[in-house]
Amino acid sequence: MRVATHRAPNFVFVEHEFEVPLDHAAPDGEQLTVFAREVAAPRRYEDELPWLVFLQGGPGHESPRPLKLIEKTWLERALEDYRVLLLDQRGTGRSTPVGEMVGMTSEEQADYLTHFRADSIVRDAELIRRELGVERWSVLGQSFGGFCAVTYLSQAPEGLAEAFFTGGLPPLERHPDEVYSATYQRLVAKNRAYYERYPEDRDRVLAILERIEAEDVRLPGGDRLTQRRFRQLGQLLGASDGFERLHYLVELPFGSPAFLHDVEAAYPFARNPLYAVIHESSYAPGVATRWSAERTYPDEVRDDLTLFTGEHVYPWMLEEYRAIRPLAGAAEILAEHAWPQLYDVQQLQENDVPAAAAIYAEDMYVERTFSEETAAAIRGLRPWVTNEHEHDGLRADGARVLSRLLDLVQGRA
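Procedures and definitions
Residues numbered from 1 in each chain as written. Predicted model: local features only at pLDDT ≥ 70, side-chain atom pairs only at ≥ 80, totals over all residues. Heavy atoms only, no water. Helix = DSSP H or I, 4+ residues; strand = E, 2+ residues; numbered from the N terminus. Rg over C-alpha atoms; globule rule 2.2 N^0.38 Å. Buried < 20%, exposed > 50% of the residue type's maximum accessible area, 1.4 Å probe, protein only. Contact = heavy atoms within 4.5 Å. Areas by Shrake-Rupley, 256 points an atom, 1.4 Å probe, with all protein chains shown as cover. Phe/Tyr/Trp six-rings, centres within 6.5 Å; stacked < 30°, edge-to-face > 60°. Lys NZ or Arg CZ within 6 Å of the ring centre and 35° of its normal. Axes fitted to C-alpha atoms, helices over the stretch in contact; angles between N-to-C directions. Parallel < 35°, antiparallel > 145°, perpendicular 65-115°, else oblique. Left-handed = near helix turned anticlockwise from the far one by under 90°. Nonpolar A, V, L, I, M, F, W, Y, C, P; charged D, E, K, R; others polar. Polar contact = N/O pair within 3.5 Å; in protein donor to acceptor, adjacent residues only side chain to side chain. Pairing = 2+ DSSP bridges. Core = buried A, V, L, I, M, F, W, Y, C linked by side-chain atoms within 4.5 Å.

(A) Quick peek at the overall build of the chain. Helix and strand counts for the chain stand at 18 helices and nine strands. The globule rule puts the C-alpha radius of gyration for 413 residues at 22 Å, and the 21 Å found for the chain is close to it. Along the first, second and third principal axes, the C-alpha atoms of the chain reach 65 × 50 × 45 Å. Evaluated residue by residue, the chain yields a buried proportion of 60% over its 413 residues. By sequence separation, contacts in the chain at least 24 residues apart represent 75% of the contacts at least 6 residues apart. Entry remark: accessible area of the chain is about 16,900 Å², with carbon and sulfur atoms responsible for 47%.

This is the structure:
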């Protein structure tokens, strides 16, 4: 384990690097590096504090890098009571990141990528907990990080003191087709609300789509901008500031440097290719997904070009996004892969780890009704169902959201 300590005006950082096996069933095989940043408030750095592990959303995104902001963040609230560990999940950030995987066949790539789901992330966390000498720690899971936290409750609850979820209670046994059908309904509702707020944007979007179809429009990275790629900007609509961010992009002069750069920057796939190839596996309870989002694509969205799509991943992207093209063969193999079950429903029904969850009533990415089902299945979990926030409530109003969850777990609410 490598360690480096740094002091900033508002934080003390301890940077850790751990060696973990690619396949935890073969601990002497290929090894990965997993990076984690320990964070403490300067005035409490020497104190004996409980640990809180943050599990980031994604999949395929590293943990946030702490910055001092004007508004109080969830991290600053957490540091009042905890020593926080910001974990770069395997394959992200500084944790042996997944890239083009040059020199590997598609079959080898696919086999490698089967080890990047929540179960492997939990086993990494447990190895790190033991190496740090922590008896039990708490976890805070945002979005996909919450999926990891439910896996943690299922597979290693003895390592947990508390569990907090923000927009991250996954369906336990629902087929991915049910999940994507539900998220498409939420998506259509968000589109309608967007055009009610900015009705003139429908004509703008139509004009943009007509020009994209008629012209060879190239993004700064060289990819051609197609209609279906432009429509993926709808992934912005699930955030608290998403309507405005989309509007400000759509109103830019077509083809201008600002327009092209902002369109390209809105997609996570070039920076985080892991997201594209294992996203659907997050919703695969013992089944193969077989491009579920593509198969459940609703006629209403197909027929109305002004309707944006969301965070769904489609097979055509493997050709149109050159950054993930090297993983196309592996993605096709993984689409047919029967993923093992992540959640132990019986264990969750017997859960004794104090837990609380923020469930966002209008969440575009994690369906509320399925989250409520999961909340009811986890013994002792206290849900907070609210329409005050979108999926990014922890980012937009983090101190308040985390305070509410702490109150629920600690009996103050």
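There's plenty left to go through after this.
(B) The packing of aromatic side chains, seen in detail. Scanning the entire structure with this criterion turns up 20 aromatic pairs. One aromatic cluster in this structure is built from Tyr 194, Tyr 195, Tyr 198, Phe 230, Phe 243, Phe 254, Phe 259 and Phe 308. Over the face of the ring belonging to Phe 13 we find Arg 37, whose NZ or CZ atom lies 5.7 Å from the ring centre. Here the basic side chain of Arg 202 rests over the ring of Tyr 195, its NZ or CZ set 4.1 Å away from the ring centre.

(C) Structural detail: the packing of helix 5 (residues 176-197) against helix 8 (residues 242-250). The geometry of helix 5 relative to helix 8 is characterised by a closest axis approach of 11 Å and an angle of 60° between their N-to-C directions. Between helix 5 and helix 8, the crossing angle belongs to the class labelled oblique. The two elements helix 5 and helix 8 cross, and the hand of that crossing is right-handed. Across from Lys 190, Ala 193, Tyr 194 and Arg 197 in helix 5, the residues of helix 8 making contact are Phe 243, Glu 244, Leu 246, His 247 and Val 250.

(D) Geometry of the packing of helix 2 (residues 106-113) against helix 14 (residues 328-335). The contact between helix 2 and helix 14 brings their axes to 8 Å, and the two run at 60°. Relative to helix 14, the element helix 2 is oriented oblique. For the pair helix 2 and helix 14, the sense of crossing is right-handed. From helix 2, Ser 106, Glu 107, Gln 109, Ala 110 and Leu 113 reach across to helix 14, where they touch Gly 329, Ala 330, Ile 333 and Leu 334. In terms of residue class, the contact of helix 2 with helix 14 is made up of five nonpolar, three polar and one charged.

(E) Just the side chain of Thr 33, in detail. Inspection of the secondary structure puts Thr 33 in strand 3 (residues 31-40). Within the structure, the side chain of Thr 33 is placed 2.9 Å from the side chain of Glu 19, a separation counted as a polar contact. The contacts of Thr 33, once residues within four sequence positions are left out, are Glu 17, Phe 18, Glu 19, Arg 94, Ser 95 and Thr 96.

(F) Just the sheet that holds strand 3, in detail. Pairing is mixed in the open sheet, where nine strands are placed in the order 1-2-3-5-4-6-7-8-9. With partners counted over all chains shown, the strands left at the sheet margins are strand 1 (2-7) and strand 9 (382-386), one partner each. The mean inter-strand angle of the sheet, taken between neighbouring strand axes irrespective of direction, is 20°. Strand direction decides the pairing type here: strand 8 (residues 355-360) and strand 9, joined by five bridges, are parallel.

(G) Inspection of the environment of Leu 402 at higher detail. Structurally, Leu 402 can be placed in helix 18 (residues 398-409). For Leu 402, a relative accessible area of 2% corresponds to the buried category. When the C-alpha positions of Leu 402 and Phe 165 are compared, they lie 9.3 Å apart, and in sequence the two are 237 residues distant.

(H) The nonpolar core, seen in detail. If you look at the biggest cluster of nonpolar residues, it comprises 111 residues, and the most contacted ones within it are Leu 113, Trp 137, Phe 165 and Phe 230. When sequence neighbours within four positions are dropped, the list of residues in contact with Phe 230 reads Val 205, Ile 208, Leu 209, Ile 212, Leu 225, Val 250, Phe 259, Tyr 267 and Phe 308. Membership of the second largest hydrophobic core comes to 26 residues, among which are Ala 78, Leu 140, Ala 356 and Val 401.

Function cannot be inferred from these measures alone, as they are strictly geometric.
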